[in-house]
Amino acid sequence: MMAMSCKDGKGVMDNGKYVRYTPEQVDALERVYHECPKPSSLRRQQLIRECPILSNIEPNQIKVWFQNRRCREKQRKEASRLQAVNRKLTAMNKLLMEENDRLQKQVSQLVYENGHFRQRTQKTFASKDTSCESVVTSGQQHHLAPQHPPRDASPAGLLSIADETLTEFLSKATGTAVEWVQMPGMKPGPDSIGIIAISHGCTGVAARACGLVGLEPTRVAEILKDRTSWFRECRAVDVLNVLPTANGGTIELLYMQLYAQTTLAPARDFWLLRCTSVMEDGSLVVCERSLNNTQNGPSVPPLQNFVRAELLPSGYLIRPCDGGGSIIHIVDHMDLEPGSVPEVLRPLYESSTMLAQKMTMAALRHLRQIAQEASQPNVSNWGRRPAALRALTQRLSRGFNEALNGFTDEGWSLIGNDGIDDVAILVNLSPDKLMALNLSYANGFPAVSNAVLCAKASMLLQNVPPAVLLRFLREHRSEWADNSIDAYSAAAAKVGPCSFPGSRIGSFSNQVVLPLAHTIEHDELLEVIKLEGVAHCPEDTIMPRDIYLLQLCSGMDENAVGSCAELIFAPVDASFANDAPVLPSGFRSIPLDCEATSPNRTLDLASALEIGPAGNRLTNDHSADDGNSRSVMTIAFQFAFESHLQENVAVMARQYVRSIIASVQRVALALSPSNLSLNGGLRSPLGTPEAQTLARWISQSYRCFLGLELLKSNGEGSDFILKTLWHHSDAIICCSLKALPVFTFANQAGLDMLETTLVALQDITLEKILDEHGRKALCSEFPQQGFACLQGGICVSSMGRPVSYERAVAWKVLNEEETPHCICFMFMNWSFV
């Protein structure tokens, strides 16, 4: 019997004989192990021949040494992983204990306030003075905001303000100065980004986050101070003055601008003090507040087109964590002056949940993303470094925000409308704007564009979640793109000497999605859209071209409460560089109420997108939310053009955006629960009589040609057959019997496999469904037998994604007269590759 010992890998016991390895032998084996941890028997024999010092060791003993070495390596890695997990759990436990202590203090304070309130109430009732006037007056005096005299902004005064700001910030971050409640939809756990809370009953809007990040405190502070790199609404942060403090910290005077998120509200700006200091326990603190009421020091007066908002004491508490990394507390507390916007938009400026999503959680997500990139290889998809990909997403978002806001200091100016104020047109003739745009015509002519035009609009939508709407617009461009103009070339408006956007054919044969990057939470996607066979002009119909869009998608999670959804894209060159010019256009949808919506809504618009009530209402969603949710959708499209064509391009852009607005409203209406559940629910039986008849023919023909039952039971009426066919687990698709087949029907699995809808199903071609081998097998077997059994293969969805299937069956569908009506395909065990 053979026994083995793996202690330090120094020897083995074989056939009762102990073998001790010399240091030279171990070094030789280690060198081979690093090259090949699992050598074959031939490689081990070759090793013995090439290394004389191993000649006295049997090949089987060499094999056992490598087994033991791999075992030790696996144990070492597992031990290292468990140590890292233990350190993380220890830090999380410490964080939770601190949070528990804070909550206990908050409970004690609430109990004390409740008792105090009861005593006051009893005294009020016991008092003989029951005058309503006195009660109202006292209530008014209680709610009046105190009028503080101007604060001293001299260096000594700024030190005093900094100390006060630090104290107030810490009381919010770790104390009970603000009543924090758990943010809706956020449950702490292993997969959570941290502990997220929002304010309850305080001035303005406030959010708080606690979490762990795998970065050192100084690096965390450096990243968070660079607010423009992670806060997409931040246009600029200018440091106007820096004062050193006694403990090695700094006091900075900042001017910050935030973009407006819609065309219906002005942008915000802030005049701030920021204090950075190190605590006695080694924690790093960065805290900020507004300097709106100061004297004897520098100040920035309010600018035109900006509303001066207030940042109440906020900041970051960053503590080093044992074993590396940091524990971070983030507090954001703002008064965004909601009275300066229309009443319908005030929820955007009064919601702490929205502040948490767009700012507080964005900071934590960005830190986690940087930490993950630091622990992984530097090259990502398409050979791009993560920092370069982040820069591309920032440029897309920033370019869209700049166009949406149209600041005069960027060169934008508003031009007259056509009597209707639904679409605003801005023009930018700034040389700086145009130097970055090295555009060329689709037909090969050199670019001579010397101006940029932006058409933008906002509209109110009801009963459709932003994530659902934007995801549909992303997946089904044909539902909103105006084919008479061509959305994609119009987004760049490459006007050639022989063509004009208004007369373009604007069609493309296929859309392919090429993933580029995504964040670790998958809340943001960067992708390249390839539009194949685009016809920009009549000449292109002979030799269609491919064009590319760089596209940013964010906020597509329906479960994220208060999250803004965006779809921003820009035409790029096929080999776009990291510094390639971009002219972003796109959509932004923001919820106006933060109640959670049902995530189980189907995107099948089979009937809702058809004209009239006779469409097929096939959907698997019977519990759509009939709530009265609202959102504001903002659209902005940019066009580069020649300045002498300004009037014509403005007319084209205005008409184009109006056509998109009409399409978006049609899609939103189709996606709304009120439309999907018209008259109290879906009509029963499901679908139209034609659909029920087709389902019966499909089932009967399958039994006729293959001798098997397609469905479990056929004896419960046509409505049951259609319903069972619709929910069949295999993909079932029908096409016409023509020289150029047209697909006319698919069940839910078929639509999911092809990533399309019943409306867009007719755009699918047979070449996408069957590869060359499948088409040959179909042509050889189908005419003689009336059916064909096909081997597994690969098909392509409408989004360009490959789909594999184990096997497929095709059979003729016969009508009542037993004449062929169409062909039916069934793809079994399909999955995305």
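Residues numbered from 1 in each chain as written. Predicted model: local features only at pLDDT ≥ 70, side-chain atom pairs only at ≥ 80, totals over all residues. Heavy atoms only, no water.

Trainee: Mind showing me how you'd approach the overall build of the chain here?
Mentor: What the chain contains, in helices and strands, is 19 helices and 30 strands. Residues counted as buried form 50% of the 833 residues belonging to the chain. The long-range fraction of contacts in the chain, counting pairs at least 24 apart against all pairs at least 6 apart in sequence, stands at 65%. Surface accessibility of the chain: about 39,800 Å² in total, with carbon and sulfur atoms responsible for 53%. (Helix = DSSP H or I, 4+ residues; strand = E, 2+ residues; numbered from the N terminus. Buried < 20%, exposed > 50% of the residue type's maximum accessible area, 1.4 Å probe, protein only. Contact = heavy atoms within 4.5 Å. Areas by Shrake-Rupley, 256 points an atom, 1.4 Å probe, with all protein chains shown as cover.)

Trainee: Would you explain the pairing of strand S27 (residues 787–796) in this entry?
Mentor: Taken residue by residue, a regular strand's side chains alternate between the two faces of the sheet. Relative to strand S28 (residues 802–814), S27 runs antiparallel, the two sharing 9 bridges. Across the sheet, residue Phe787 finds its bridge partner in S28, namely Trp811. Remark: 5 residues form the turn of the hairpin made by S27 and S28, two consecutive strands paired antiparallel; Gly800 in that turn has positive phi of roughly 85 degrees. (Pairing = 2+ DSSP bridges.)

Trainee: I'm lost on the pattern of salt bridges in this one. Help?
Mentor: Side chains that differ in charge, positive against negative, can pair when their charged atoms come close. The full count for this structure, using the stated rule, is 24 salt bridges. Glu30 is the partner of Arg69 in a salt bridge, and the nearest nitrogen-oxygen pair spans 2.9 Å. Of this pair, Arg69 sits in helix H3 (residues 59–126) while Glu30 sits in helix H1 (residues 23–35), and the two are 39 residues apart along the sequence. The pair Arg69 / Glu30 is uniform in exposure class, with both members buried. Put simply, Glu527 and Arg474 hold a salt bridge, and the shortest N to O gap is 2.9 Å. With a gap of 53 residues between them, Glu527 in strand S20 (residues 524–534) and Arg474 in helix H11 (residues 466–475) connect regions that are remote in the sequence. Of the two residues examined, Glu527 and Arg474, each falls in the buried class. Several salt bridges converge on common partners, so that one network encompasses Lys225, Arg227, Glu252, Arg274 and Glu288. (Salt bridge = Lys/Arg side-chain N within 4 Å of Asp/Glu carboxyl O.)

Trainee: Mind showing me how you'd approach the pairing of strand S29 (residues 820–828) here?
Mentor: Extensive coverage of S29 is indicated by the burial of 7 of its 9 residues. In the sheet, strand S25 (residues 731–736) pairs with S29 via 6 bridges, with the strands oriented antiparallel. What sits directly across from Cys734, in S29, is Cys824. Two elements, S28 and S29, share 8 bridges in a ladder whose sense is antiparallel. In the strand pairing of S29, Ala810 is matched with Phe825. Counting the residues in the hairpin turn of S28 and S29 gives 5 residues, including Glu818, whose phi is positive at 60 degrees.

Trainee: What's the story with the packing of H11 against helix H13 (residues 646–671) in this structure? I'm lost.
Mentor: A pair of packed helices is characterised by two quantities: the angle between their axes and the separation of those axes. Relative to each other, H11 and H13 sit at 125 degrees, their axes nearing to 10 Å. As far as their axial angle goes, H13 and H11 are oblique. Judged by the sense of rotation from one axis to the other, the crossing of H11 with H13 is right-handed. When H11 is examined against H13, the residues Val468, Leu469, Phe472 and Leu473 are found in contact with a partner set consisting of Val664, Val667, Ala668 and Leu671. In terms of residue class, the contact of H11 with H13 is built from 8 nonpolar, no polar and no charged. (Axes fitted to C-alpha atoms, helices over the stretch in contact; angles between N-to-C directions. Parallel < 35°, antiparallel > 145°, perpendicular 65-115°, else oblique. Left-handed = near helix turned anticlockwise from the far one by under 90°. Nonpolar A, V, L, I, M, F, W, Y, C, P; charged D, E, K, R; others polar.)

Trainee: Where do I start with the packing of aromatic side chains in this structure?
Mentor: To describe a pair of aromatic rings, you give the distance between the ring centres and the angle between the ring planes. Under the criterion given, the structure shown has 15 aromatic pairs. Ring geometry for Phe306 against Phe407: centres 5.2 Å apart, planes inclined by 5 degrees, an arrangement best described as stacked. Pair noted here: Phe306 is in strand S12 (residues 306–308) and Phe407 is in the loop between helix H9 (386–405) and strand S16 (412–414), with a separation of 101 residues, a long-range link. With relative accessibility at 6%, the residue Phe407 sits in the buried group. The structure contains a cluster of three or more aromatic residues connected by ring pairs, namely Trp480, Phe569, Phe587, Phe637, Phe639 and Tyr656. Stacked on the ring of Tyr33, the Lys or Arg Arg69 has its end atom at 4.3 Å from the ring centre. (Phe/Tyr/Trp six-rings, centres within 6.5 Å; stacked < 30°, edge-to-face > 60°. Lys NZ or Arg CZ within 6 Å of the ring centre and 35° of its normal.)

Trainee: Mind showing me how you'd approach the side chain of Gln551 here?
Mentor: Turning to its location among the elements, Gln551 is positioned in strand S21 (residues 545–554). Polar side-chain contacts of Gln551 include one of 2.7 Å to the side chain of Glu527. With residues near it in sequence (within four places) discarded, Gln551 still touches Leu396, Arg474, Arg477, Leu525, Leu526, Glu527, Ile529, Leu567, Ile568 and Phe569. (Polar contact = N/O pair within 3.5 Å; in protein donor to acceptor, adjacent residues only side chain to side chain.)

Trainee: Would you mind showing me how to read the environment of Asp163 here?
Mentor: Mapping Asp163 onto the fold places it in helix H5 (residues 155–173). When the C-alpha positions of Asp163 and Cys287 are compared, they lie 9.9 Å apart, and in sequence the two are 124 residues distant.

Trainee: Would you explain the packing of helix H6 (residues 217–225) against helix H8 (residues 352–374) in this entry?
Mentor: One can describe the packing of H6 onto H8 by two numbers: an axis separation of 11 Å at closest approach and a directional angle of 125 degrees. As judged from the angle between their axes, H6 and H8 are oblique. Crossing handedness for the pair H6 and H8: right-handed. For the pair H6 and H8, the contacting residues are Arg219, Val220, Ile223 and Leu224 in the first and Ala363, His366, Leu367 and Ile370 in the second. The residue inventory of the contact of H6 with H8, partitioned by class, reads 6 nonpolar, 1 polar and 1 charged.

Trainee: How should the environment of Ile769 be read in this particular structure?
Mentor: Among the secondary structure elements, Ile769 is positioned in helix H18 (residues 766–769). Ignoring anything within four residues of it in the chain, the contact list for Ile769 reads Ile733, Phe743, Leu754, Ile764, Cys795, Tyr805 and Phe827.

Trainee: Would you explain H8 in this entry?
Mentor: An α-helical segment advances 3.6 residues per turn. Residues three or four places apart therefore align on the same side. Taking 1.5 Å of rise per residue, the 23 residues of H8 would be expected to cover 33 Å, and the 32 Å separating its terminal C-alpha atoms lies within 8% of that figure. At Ala362, H8 shows its largest bend, some 40 degrees. With respect to burial, H8 is a largely interior element, 19 of its 23 residues being buried. Among the residues of H8, the N-terminal cap falls to Ser351, whose side-chain oxygen and the backbone nitrogen of Thr353 are separated by 3.4 Å. (Expected span 1.5 Å × (residues − 1). Bend = angle between axes of the 7 residues up to and from the residue.)

Trainee: What am I meant to see in H9 here?
Mentor: Between its first and last C-alpha, H9 extends 28 Å over 20 residues, near the 28 Å set by a 1.5 Å rise per residue. Immediately beyond the C-terminal end of H9, within one or two residues, lies Gly406, with a positive phi of roughly 60 degrees.

Trainee: How should I be thinking about unusual backbone geometry in this particular structure?
Mentor: Peptide bonds are trans in most cases, and residues, glycine excluded, mostly fall at negative phi. You will see that Asn305, though not glycine, has its phi angle at about 70 degrees, which is positive. Assignment of secondary structure puts Asn305 in the loop between strand S11 (294–295) and S12. One non-glycine residue, Glu755, lies in the positive phi region at around 50 degrees. With respect to the helices and strands, Glu755 occurs in the loop between helix H17 (748–754) and H18.

Trainee: Can you help me understand the environment of Ala197 in this one?
Mentor: Locating Ala197 in the fold gives a position in strand S5 (residues 195–199). Take Ala197: its relative accessible area is 5%, and that puts it in the buried class. Taking the C-alpha atoms as reference, Ala197 lies 4.8 Å from Met183; in sequence the two are 14 residues apart. The residues touching Ala197, leaving out its near neighbours within four places in the chain, are Trp180, Val181, Gln182, Met183, Ala207 and Arg208.

Trainee: Would you mind showing me how to read the side chain of Ser326 here?
Mentor: Within the fold, Ser326 resides in strand S15 (residues 326–335). Here Ser326 falls in the buried class, since its relative accessible area comes to 1%. Among the polar contacts listed, one links the side chain of Ser326 to the backbone oxygen of Leu215, at a separation of 2.5 Å. In this structure, Ser326 is in contact with Gly211, Leu212, Val213, Leu215, Glu216, Pro217, Val220, Ile318, Arg319 and Cys321, ignoring residues within four places of it in sequence.

Any link to function would need more than the numbers given here.
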